[in-house]
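What follows is each chain in one-letter form.
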Amino acid sequence: VPNMPVGISQADLGNWETMCAKIADLRPVSPPGMEYAYHAITYSWTVGEVIRRVDGRSFQQMLHDEICAPLDLTNEMFVGIPDEVEPRVAILEAKADDSANHPLPHDATPQAIPALVQPLHEWMNRPDARRACIPASNGIMTARAIARHYAALLPGGVDGLELLPPERIRLATETQWPGNSKPGDQRPGHRLGYGVEPLFSVTSFGHGGYGGSIGFTDIESRLAFGFTRNRFVSDASLPRIVEILQEIIRR
């Protein structure tokens, strides 16, 4: 169910129970296991609500208890900011000719990223969007927080804290192929939660964000990396940064 429910409002987006109910009513776009699609926003609730029902805690409470507090990130990593954090949040911008500013399709057509939240930089400058709990889309954090989180996914973790054991990391980073794949299929495979193909080396995994931000970790070099930007542009700066990191590691 990669497409967002049609006809939702900004108020709906900020209501966890409403969004879970609306997504539960969606019909799958293909038989389970046959296709893969980027669940750009619906991932928030399809995974987040499963976590809540299994554990009992809200997504935000679990984020605080299991990641932010142990890693000393309670003042740096948020999915739904408290009011007092607002003055610290960067204003997001986009170039005037950026594709995010082009005419948008009507929201009556099912879409993974509907017109309601576009342009994305304007949506994420809204106070209500910043305070909602939409884990796939509105994480607000520092580059240090991103890197420290990924460092805790390395074998042995960081400062003695390992978020997942190596066997779980191997499962999470194993390439998944849909049931309709054919021999020689050139489509990129996906991992269980990580959408970036090896960027730094064959042992790296992570996820990129709209506008050029990214977080990843590399098991071989034991490097964890977080990169944030508040101006959304399409350029070659990120690959060059990764190249510089690779050169430093090889020295």
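Refer to the structure printed above.
In this report, we go over the structure that sits alongside the text. From a predicted model like this one, the values you see are computed outputs, not experimental measurements.

Digging into the overall build of the protein
Tallying secondary structure elements over the protein gives 9 helices and 7 strands in all. Across the 251 residues in the protein, those meeting the buried criterion constitute 39%. Pairs at least 24 residues apart make up 55% of the contacts formed inside the protein by residues separated by at least 6 positions. Approximately 13800 Å² of the protein is accessible, and the part contributed by carbon and sulfur atoms is 56%.

Focus on the packing of helix α2 (residues 16–24) against helix α3 (residues 43–55)
Between α2 and α3, the shortest axis-to-axis distance is 10 Å and the interhelical angle comes to 110°. What the angle tells us is that α2 and α3 run roughly perpendicular. Crossing of α2 over α3 shows left-handed handedness. In this structure, α2 contributes Trp-16, Met-19, Cys-20 and Ile-23 to the contact, and α3 contributes Ser-44, Trp-45, Thr-46, Gly-48, Glu-49 and Arg-52.

Some words on the packing of aromatic side chains
Two descriptors summarise a pair of aromatic rings, namely the distance from one centre to the other and the angle between the planes of the rings. Per the counting criterion, the structure on display carries 2 aromatic pairs. With centroids separated by 5.1 Å and ring planes inclined at 40°, the aromatic side chains of Phe-216 and Phe-225 adopt a geometry described as tilted. Residue Phe-225 is classed as buried on the basis of its relative accessible area of 10%. With a centroid separation of 6.5 Å and an interplanar angle of 5°, the aromatic rings of Phe-225 and Phe-227 are classed as stacked. Judged on exposure class, the residue Phe-225 and its partner Phe-227 are both buried. Chaining the aromatic ring pairs together yields one cluster made of Phe-216, Phe-225 and Phe-227.

Cut-offs used in this document
- Residues numbered from 1 in each chain as written.
- Predicted model: local features only at pLDDT ≥ 70, side-chain atom pairs only at ≥ 80, totals over all residues.
- Heavy atoms only, no water.
- Helix = DSSP H or I, 4+ residues; strand = E, 2+ residues; numbered from the N terminus.
- Buried < 20%, exposed > 50% of the residue type's maximum accessible area, 1.4 Å probe, protein only.
- Contact = heavy atoms within 4.5 Å.
- Areas by Shrake-Rupley, 256 points an atom, 1.4 Å probe, with all protein chains shown as cover.
- Axes fitted to C-alpha atoms, helices over the stretch in contact; angles between N-to-C directions.
- Parallel < 35°, antiparallel > 145°, perpendicular 65-115°, else oblique.
- Left-handed = near helix turned anticlockwise from the far one by under 90°.
- Phe/Tyr/Trp six-rings, centres within 6.5 Å; stacked < 30°, edge-to-face > 60°.

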